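Overview (structure and organization)
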Amino acid sequence: MFTQAPLHKMLKEIKAAHWLGKMTPFRIFGNTYYVGTYQSCCHMIDTGNGLILIDTGYAETAYLIVDSIYQLGFSPYDIKYIISTHWHGDHTAATAALAGLSGAKTVIGRDDFEKAKKYLTHDILVDDGDTLTLGNITVNFMHTPGHTKGTISMFYEDTDGVNTYRVGTFGGAGHNTLVPGKYDFEGAREAYFESIERLKKEHIDVFIANHCWNNDTYLKGKKLLETGENTFVNTNDVWLGFLEHYKRGLENIIAQENA
Ligand SMILES: [Zn+2]
């Protein structure tokens, strides 16, 4: 089940740790790893022919991502692609540093390219239905506008040699850009509802987050590291609950405006 507000639970749990702090990195499933901070997700895929990063986080936490990659036994020099789910700095600001270090190609949704120039000029622009293949992994992109105009979501199959699971993420769920005066583009709310309906049709086995509170990344990771129990797999119900929660959240905002 999806439950909201684990952020507060999480912050209580980590006590004094600053939310930009380094989270102990871990393997989520197969070739998919968590190398992000408490606040901003950064996922790493080992494709067998180089690494892909999904988002990086704030500029000042770039060194934490590098440290986490080394801690897992990989090298940041092997990053081949860095995908930005959307243009905001909490997802892209460290990308320039990491791409500069590794020579990785940077990837973003076409409609977020211009605004992302605040942080970097991306190399590859993605449209709905595009794919990116590296080594054993093919990432399928879906254009899911709403939070920003160019938000991209992605899905790929990963295996641990025994099970093959479909991994997926929604590239931007926040309502902060869906209120008057804050819209990223005209028609953002309508686009957001349409994106959620499309995303609900995607079955995923392993739901990876855009922010840790989307799927309780921290507590799931802690459990995995401490007990070996993997609560990231078979999470399609969490995925659907998360999408429904965010849909209803926007409906409530609209209802309050009209009250
Ligand atoms: Zn954002």
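Our structure's up above, just so we're on the same page.
How each quantity is defined
Residues numbered from 1 in each chain as written. Predicted model: local features only at pLDDT ≥ 70, side-chain atom pairs only at ≥ 80, totals over all residues. Heavy atoms only, no water. Helix = DSSP H or I, 4+ residues; strand = E, 2+ residues; numbered from the N terminus. Rg over C-alpha atoms; globule rule 2.2 N^0.38 Å. Contact = heavy atoms within 4.5 Å. Areas by Shrake-Rupley, 256 points an atom, 1.4 Å probe, with all protein chains shown as cover. Donors = N, O, S within 2.8 Å, 3.2 Å for Na, K, Ca; no water. Buried < 20%, exposed > 50% of the residue type's maximum accessible area, 1.4 Å probe, protein only. Core = buried A, V, L, I, M, F, W, Y, C linked by side-chain atoms within 4.5 Å. Expected span 1.5 Å × (residues − 1).

What to know about the overall build of the chain
- Within the chain, the secondary structure is distributed over eight helices and 12 strands.
- Taking 2.2 N^0.38 as the reference for a compact globule, 259 residues should give roughly 18 Å; the C-alpha atoms of the chain span a radius of gyration of 17 Å, in line with that estimate.
- Viewed in the frame of its principal axes, the chain has a C-alpha envelope of about 55 × 40 × 40 Å.
- Residue pairs in contact within the chain that sit at least 24 positions apart in sequence constitute 64% of those at least 6 positions apart.
- When the accessible surface of the chain is split by element, carbon and sulfur atoms take 50% of a total near 11000 Å².

Here's the deal with the coordination of the zinc ion
- The coordination sphere of the zinc ion, as far as protein atoms go, consists of H86 (NE2), H88 (ND1) and H147 (NE2), spread over 2.0 to 2.1 Å.
- All donor residues of the zinc ion come from one chain, and their arrangement in sequence is H-x1-H-x58-H. Here H88, found in the loop between β5 (79-84) and α3 (89-92), pairs with H147, found in the loop between β9 (137-143) and β10 (152-159); they are 59 residues apart in sequence, far enough to count as distant. Considered together, H88 and H147 belong to a single accessibility category, that of buried residues.

Some words on the nonpolar core
- If you look at the biggest cluster of nonpolar residues, it comprises 32 residues, and the most contacted ones within it are I28, I83, V139, F141, Y156 and V206.
- Among the elements of the structure, β1 (26-29), β4 (51-54), β5, β8 (131-134), β9, β10, β11 (164-169) and α7 (217-227) are those that each provide at least two residues to this core.
- Ignoring anything within four residues of it in the chain, the contact list for Y156 reads T32, I45, I54, I137, T138, V139, Y165, R166, V167 and I208.
- Ranked by size, the runner-up nonpolar core spans 20 residues in total, among them F155, L178, I204 and Y246.

Here's the deal with helix α8 (residues 236-258)
- Across its 23 residues, α8 extends 33 Å between first and last C-alpha, which sits within 8% of the 33 Å expected from 1.5 Å per residue.
- Taken together, the buried positions of α8 are occupied by N236, V238, W239, F242, L243, Y246, K247, G249 and L250.
- Lining the buried residues of α8 we find β10, β11, α6 (188-200) and β12 (206-207).

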